[in-house]
Amino acid sequence: MTCHSKSVWDHAEHIAKKKVSKRNLEDKKHNPSSIGTAFKLSTELVSAVAVGTIIGFILDKTFGTKPWLILIFFFVGVIAGITNVIKSAKNMQK
């Protein structure tokens, strides 16, 4: 009887270790690294500024208003980028 109960406890311990290991892997999937998070946030900011500046450049060439629309859309891109970073940071805290 002791051998049988020992094997049951060993089996239960093995199952518990597998569940803990699986839970740790799932936690790592849901918690991105700090470098990845920083890269995501910086990419969102830079891309918004770049898109705004490119739109301003194209509109300036079209309407001949150089450099005014580049400056305006640059700052629109900065505001949009900062807004995106703030939204992403709030979503990461949830």
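As shown above, the structure is provided for reference.
Residues numbered from 1 in each chain as written. Predicted model: local features only at pLDDT ≥ 70, side-chain atom pairs only at ≥ 80, totals over all residues. Heavy atoms only, no water.

Participant: I would appreciate a short explanation of the overall build of the protein chain in the present structure.
Facilitator: A count of helices and strands for the protein chain gives three helices and zero strands. Relative to its full complement of 94 residues, the protein chain shows a buried share of 14%. Long-range pairs, those at least 24 residues apart, make up 54% of the contacts in the protein chain with a sequence separation of at least 6. Carbon together with sulfur atoms contributes 70% to the accessible area of the protein chain, which is approximately 7900 Å² in total. (Helix = DSSP H or I, 4+ residues; strand = E, 2+ residues; numbered from the N terminus. Buried < 20%, exposed > 50% of the residue type's maximum accessible area, 1.4 Å probe, protein only. Contact = heavy atoms within 4.5 Å. Areas by Shrake-Rupley, 256 points an atom, 1.4 Å probe, with all protein chains shown as cover.)

Participant: How should I be thinking about the packing of aromatic side chains in this particular structure?
Facilitator: Any aromatic ring pair is given by two values, namely how distant the centres are and how the planes are angled relative to each other. This model, assessed by the stated rule, comprises one aromatic pair. Measuring from centroid to centroid gives 5.2 Å for F74 and F75, while their planes differ by 80°, and the two rings are edge-to-face. (Phe/Tyr/Trp six-rings, centres within 6.5 Å; stacked < 30°, edge-to-face > 60°.)

Participant: Explanation requested: the side chain of S88 in the structure shown.
Facilitator: For S88, the location among the structural elements is in helix α3 (residues 68-93). Aside from chain neighbours lying at most four places away, what touches S88 is K40, L41 and E44.

Participant: I keep staring at a nonpolar patch on the surface and nothing clicks. Help me out?
Facilitator: Taken together, the side chains of W68, L71, I72, F74, F75 and V76 present a nonpolar region at the surface, about 610 Å² in accessible area. Looking at the secondary structure, you find W68 in helix α3. (Patch = residues over 30% accessible without salt bridge, like charges linked within 9 Å, V, L, I, M, F, W, Y side chains within 5 Å. Salt bridge = Lys/Arg side-chain N within 4 Å of Asp/Glu carboxyl O.)

Participant: Is there a simple way to think about unusual backbone geometry in this case?
Facilitator: Among all residues save glycine, negative phi is the norm, and among peptide bonds the norm is trans. The step from K66 to P67 runs through a cis peptide bond, and the omega angle for that step is 0°. Counting through the fold element by element, P67 comes out in the loop between α2 (34-63) and α3.

Participant: So what exactly am I meant to see when it comes to the packing of α2 against α3 here?
Facilitator: A packed helix pair is summarised by two numbers, namely the angle formed by the two axes and the spacing between the axes. One can describe the packing of α2 onto α3 by two numbers: an axis separation of 7 Å at closest approach and a directional angle of 160°. When the interaxial angle is binned, α2 and α3 end up roughly antiparallel. When the axes of α2 and α3 are compared, the crossing they make is right-handed. Classifying every residue of the contact of α2 with α3 by side-chain character gives 19 nonpolar, eight polar and three charged. (Axes fitted to C-alpha atoms, helices over the stretch in contact; angles between N-to-C directions. Parallel < 35°, antiparallel > 145°, perpendicular 65-115°, else oblique. Left-handed = near helix turned anticlockwise from the far one by under 90°. Nonpolar A, V, L, I, M, F, W, Y, C, P; charged D, E, K, R; others polar.)

Participant: How do you make sense of α2 when you look at a structure like this?
Facilitator: Each turn of an α-helix holds 3.6 residues, which means side chains three or four residues apart point in the same direction. Given a rise of 1.5 Å per residue, 30 residues ought to cover 44 Å, and the 44 Å separating the end C-alpha atoms of α2 matches this to within 8%. Taken together, the buried positions of α2 are occupied by T37, L41, E44, A48, V49, G52, G56 and D60. Positive backbone phi, at 70°, marks G64, one or two positions downstream of α2. (Expected span 1.5 Å × (residues − 1).)

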